[in-house]
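# Structural description and commentary
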Amino acid sequence: MQTVKIPVSIDPSRAATSGLSYKGIIPGPQLKRLRELCAGDCSDVTVSLECGVDLQGIVYLKGKAVTELTLICQRCMTQYNTEVTVEFCFSPCKTEAEIDELPDAYDPIECNEIGEVRLHQLIEDELIVATPTIPKHENVVECSMGSQDVSVGEIEAAQEERPNPFAVLQKLKSK
Ligand SMILES: [Zn+2]
(Lines give C-alpha, C1' and ligand atoms only; values in the text may rest on other atoms or scores of the structure.)
Protein backbone atom coordinates (compact mmCIF):
# COMPACT_ATOMS: atom_id res chain seq x y z
CA MET A 1 0.00 0.00 0.00
CA GLN A 2 1.26 3.46 -0.95
CA THR A 3 1.87 6.07 1.74
CA VAL A 4 -0.45 8.92 1.01
CA LYS A 5 -1.75 12.05 2.68
CA ILE A 6 -4.85 11.20 4.66
CA PRO A 7 -7.83 13.16 3.28
CA VAL A 8 -8.98 16.11 5.40
CA SER A 9 -12.57 14.99 5.10
CA ILE A 10 -14.21 11.84 3.86
CA ASP A 11 -17.67 10.56 2.98
CA PRO A 12 -17.85 7.49 5.27
CA SER A 13 -20.72 5.78 3.45
CA ARG A 14 -19.09 6.08 0.06
CA ALA A 15 -15.67 5.09 1.43
CA ALA A 16 -17.21 2.08 3.17
CA THR A 17 -19.10 0.77 0.15
CA SER A 18 -15.92 1.08 -1.91
CA GLY A 19 -14.02 -0.71 0.89
CA LEU A 20 -11.37 1.99 0.92
CA SER A 21 -8.39 1.77 3.19
CA TYR A 22 -5.62 4.24 3.72
CA LYS A 23 -2.16 4.18 5.13
CA GLY A 24 -0.63 7.58 5.28
CA ILE A 25 0.24 10.67 7.20
CA ILE A 26 -1.32 13.84 8.47
CA PRO A 27 1.39 16.53 8.45
CA GLY A 28 2.03 17.57 12.07
CA PRO A 29 2.04 21.34 11.45
CA GLN A 30 -1.58 21.09 10.22
CA LEU A 31 -2.82 19.99 13.63
CA LYS A 32 -2.76 23.38 15.31
CA ARG A 33 -4.67 22.45 18.46
CA LEU A 34 -2.41 19.47 19.13
CA ARG A 35 0.64 21.63 18.47
CA GLU A 36 -0.42 24.01 21.20
CA LEU A 37 0.00 21.18 23.72
CA CYS A 38 3.55 20.50 22.56
CA ALA A 39 6.78 22.16 23.46
CA GLY A 40 7.84 22.17 19.82
CA ASP A 41 6.41 21.14 16.50
CA CYS A 42 4.47 17.94 16.55
CA SER A 43 5.73 15.30 14.20
CA ASP A 44 3.66 13.85 11.38
CA VAL A 45 0.88 11.50 12.41
CA THR A 46 1.01 8.04 10.89
CA VAL A 47 -2.51 6.86 10.22
CA SER A 48 -3.95 3.58 9.04
CA LEU A 49 -7.63 3.57 8.27
CA GLU A 50 -10.08 0.99 7.06
CA CYS A 51 -13.58 1.90 5.87
CA GLY A 52 -16.22 -0.77 5.74
CA VAL A 53 -19.68 -2.06 6.56
CA ASP A 54 -20.06 -4.65 9.31
CA LEU A 55 -22.41 -7.65 9.35
CA GLN A 56 -25.17 -5.55 10.91
CA GLY A 57 -24.88 -3.03 8.07
CA ILE A 58 -23.13 -0.44 10.22
CA VAL A 59 -20.72 1.83 8.39
CA TYR A 60 -17.43 2.20 10.21
CA LEU A 61 -14.09 3.94 10.00
CA LYS A 62 -11.59 1.95 11.95
CA GLY A 63 -7.98 2.72 12.44
CA LYS A 64 -4.96 3.77 14.36
CA ALA A 65 -2.94 6.95 14.61
CA VAL A 66 0.57 7.29 16.01
CA THR A 67 2.66 10.36 16.57
CA GLU A 68 5.57 11.59 18.63
CA LEU A 69 5.11 14.67 20.77
CA THR A 70 7.66 16.85 22.52
CA LEU A 71 6.29 17.68 25.96
CA ILE A 72 7.69 19.39 29.05
CA CYS A 73 8.03 17.19 32.10
CA GLN A 74 6.19 18.88 34.96
CA ARG A 75 8.56 17.41 37.54
CA CYS A 76 11.93 18.45 36.14
CA MET A 77 10.73 21.05 33.59
CA THR A 78 12.79 19.64 30.73
CA GLN A 79 11.59 18.51 27.33
CA TYR A 80 11.09 14.90 26.48
CA ASN A 81 9.60 12.97 23.59
CA THR A 82 6.77 10.57 23.97
CA GLU A 83 4.82 8.45 21.53
CA VAL A 84 1.06 8.78 21.56
CA THR A 85 -1.04 6.08 19.94
CA VAL A 86 -4.80 6.04 19.55
CA GLU A 87 -7.10 3.43 18.12
CA PHE A 88 -10.53 4.41 16.97
CA CYS A 89 -13.66 2.97 15.47
CA PHE A 90 -16.08 5.65 14.33
CA SER A 91 -19.53 5.24 12.90
CA PRO A 92 -21.51 8.07 11.31
CA CYS A 93 -24.89 8.77 12.93
CA LYS A 94 -27.59 11.13 11.78
CA THR A 95 -30.09 10.95 14.63
CA GLU A 96 -30.17 10.50 18.41
CA ALA A 97 -31.90 7.15 17.87
CA GLU A 98 -29.03 5.95 15.69
CA ILE A 99 -26.56 6.94 18.40
CA ASP A 100 -28.60 5.02 21.03
CA GLU A 101 -28.69 1.88 18.90
CA LEU A 102 -24.99 1.98 18.06
CA PRO A 103 -23.05 -0.92 19.63
CA ASP A 104 -20.50 0.10 22.28
CA ALA A 105 -17.61 -0.87 20.03
CA TYR A 106 -18.30 2.19 17.90
CA ASP A 107 -17.97 5.89 18.62
CA PRO A 108 -20.69 7.95 16.98
CA ILE A 109 -19.55 10.77 14.71
CA GLU A 110 -21.58 13.46 13.03
CA CYS A 111 -21.57 14.07 9.28
CA ASN A 112 -21.93 17.53 7.80
CA GLU A 113 -24.65 18.58 5.33
CA ILE A 114 -22.85 16.93 2.41
CA GLY A 115 -22.40 13.67 4.31
CA GLU A 116 -18.72 14.09 5.10
CA VAL A 117 -16.77 13.84 8.31
CA ARG A 118 -13.69 15.91 9.08
CA LEU A 119 -11.18 13.14 9.44
CA HIS A 120 -8.16 15.22 10.44
CA GLN A 121 -10.17 16.94 13.15
CA LEU A 122 -11.51 13.63 14.49
CA ILE A 123 -8.04 12.10 14.69
CA GLU A 124 -6.65 15.28 16.23
CA ASP A 125 -9.40 15.15 18.90
CA GLU A 126 -8.46 11.57 19.77
CA LEU A 127 -4.77 12.47 20.04
CA ILE A 128 -5.53 15.46 22.27
CA VAL A 129 -7.51 13.24 24.63
CA ALA A 130 -4.63 10.74 24.71
CA THR A 131 -2.01 13.41 25.47
CA PRO A 132 -1.15 13.46 29.18
CA THR A 133 -2.64 16.51 30.92
CA ILE A 134 0.28 16.63 33.36
CA PRO A 135 3.18 15.41 31.25
CA LYS A 136 6.07 13.79 33.06
CA HIS A 137 8.88 11.41 32.22
CA GLU A 138 7.34 7.96 32.18
CA ASN A 139 10.68 6.44 32.97
CA VAL A 140 11.94 7.92 36.27
CA VAL A 141 15.52 7.09 35.28
CA GLU A 142 15.28 9.71 32.50
CA CYS A 143 13.79 12.31 34.80
CA SER A 144 16.31 14.53 36.57
CA MET A 145 13.97 14.64 39.55
CA GLY A 146 14.63 10.91 39.82
CA SER A 147 12.11 8.88 41.76
CA GLN A 148 11.24 11.64 44.23
CA ASP A 149 7.52 11.91 44.37
CA VAL A 150 6.93 15.62 44.03
CA SER A 151 3.16 15.51 44.33
CA VAL A 152 3.20 13.58 47.63
CA GLY A 153 5.58 16.15 49.11
CA GLU A 154 3.16 18.92 48.20
CA ILE A 155 0.23 17.14 49.86
CA GLU A 156 2.19 16.66 53.09
CA ALA A 157 3.15 20.34 53.18
CA ALA A 158 -0.50 21.33 52.77
CA GLN A 159 -1.54 19.10 55.67
CA GLU A 160 0.98 20.70 58.03
CA GLU A 161 -0.62 24.08 57.51
CA ARG A 162 -3.96 22.84 58.75
CA PRO A 163 -4.60 23.86 62.39
CA ASN A 164 -4.36 21.05 64.88
CA PRO A 165 -7.88 20.47 66.34
CA PHE A 166 -6.32 19.53 69.70
CA ALA A 167 -4.64 22.93 69.93
CA VAL A 168 -8.07 24.47 70.49
CA LEU A 169 -8.81 21.98 73.29
CA GLN A 170 -5.50 22.77 74.98
CA LYS A 171 -6.34 26.44 74.94
CA LEU A 172 -9.70 25.75 76.61
CA LYS A 173 -8.10 23.57 79.24
CA SER A 174 -5.50 26.16 80.12
CA LYS A 175 -8.17 28.84 80.81
ZN1 LIG B 1 11.28 14.80 34.24
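As shown above, the structure is provided for reference.
Residues numbered from 1 in each chain as written. Predicted model: local features only at pLDDT ≥ 70, side-chain atom pairs only at ≥ 80, totals over all residues. Heavy atoms only, no water.

## Comments concerning the overall build of the chain
- A tally of helices and strands in the chain yields six helices and eight strands.
- Helices (α) and strands (β) of the chain occur, in sequence order from the N terminus, as β-β-α-β-α-β-β-β-α-β-β-α-α-α.
- When burial is assessed residue by residue, the chain has 33% of its 175 residues classed as buried.
- When contacts within the chain are restricted to residue pairs at least 6 apart in sequence, those whose partners lie at least 24 apart make up 53%.
- Of the roughly 11700 Å² that the chain leaves accessible, carbon and sulfur atoms contribute 51%. (Helix = DSSP H or I, 4+ residues; strand = E, 2+ residues; numbered from the N terminus. Buried < 20%, exposed > 50% of the residue type's maximum accessible area, 1.4 Å probe, protein only. Contact = heavy atoms within 4.5 Å. Areas by Shrake-Rupley, 256 points an atom, 1.4 Å probe, with all protein chains shown as cover.)

## A closer look at the coordination of the zinc ion
- Distances from the zinc ion to its protein donors, Cys73 (SG), Cys76 (SG), His137 (ND1) and Cys143 (SG), fall within 2.0 to 2.3 Å.
- Classification of the site at the zinc ion rests on its four donor atoms, whose angles at the metal span 103 to 116°, yielding the label tetrahedral.
- The sequence pattern formed by the donor residues of the zinc ion is C-x2-C-x60-H-x5-C. Of this pair, Cys76 sits in the loop between strand 5 (59-72) and strand 6 (79-93) while His137 sits in the loop between helix 4 (119-130) and helix 5 (150-161), placing them 61 residues apart in sequence. For the pair formed by Cys76 and His137, the shared burial category is buried. (Donors = N, O, S within 2.8 Å, 3.2 Å for Na, K, Ca; no water. Tetrahedral: all angles 85-135°; square planar, octahedral: opposite > 155°, others 65-115°.)

## So, the pattern of salt bridges
- This structure, assessed with the given rule, holds three salt bridges.
- Of the charged contacts in the structure, one is a salt bridge between Arg33 and Glu124, with a shortest N-O distance of 3.0 Å. Of the two residues, Arg33 sits in helix 2 (residues 32-36) while Glu124 sits in helix 4, which places them 91 residues apart along the sequence.
- A residue is classified by how much of its surface remains accessible, and Arg33, at 37% relative accessible area, is partly exposed. (Salt bridge = Lys/Arg side-chain N within 4 Å of Asp/Glu carboxyl O.)

## Here we look at the nonpolar core
- With 31 residues, the main nonpolar core has Ile10, Val45, Val47, Leu49, Leu61 and Ile123 as its most contacted residues.
- Those elements giving two or more residues to this core turn out to be strand 3 (21-26), strand 4 (45-53), strand 5, strand 6 and helix 4.
- At five residues, the largest contribution of residues to this core is made by strand 6. (Core = buried A, V, L, I, M, F, W, Y, C linked by side-chain atoms within 4.5 Å.)

## Here we look at unusual backbone geometry
- The phi dihedral of Met77 falls on the positive side, at around 55°, and the residue is not glycine.
- Tracing the backbone through its elements, the reader meets Met77 in the loop between strand 5 and strand 6.

No statement about biological role is implied by the geometric values presented.
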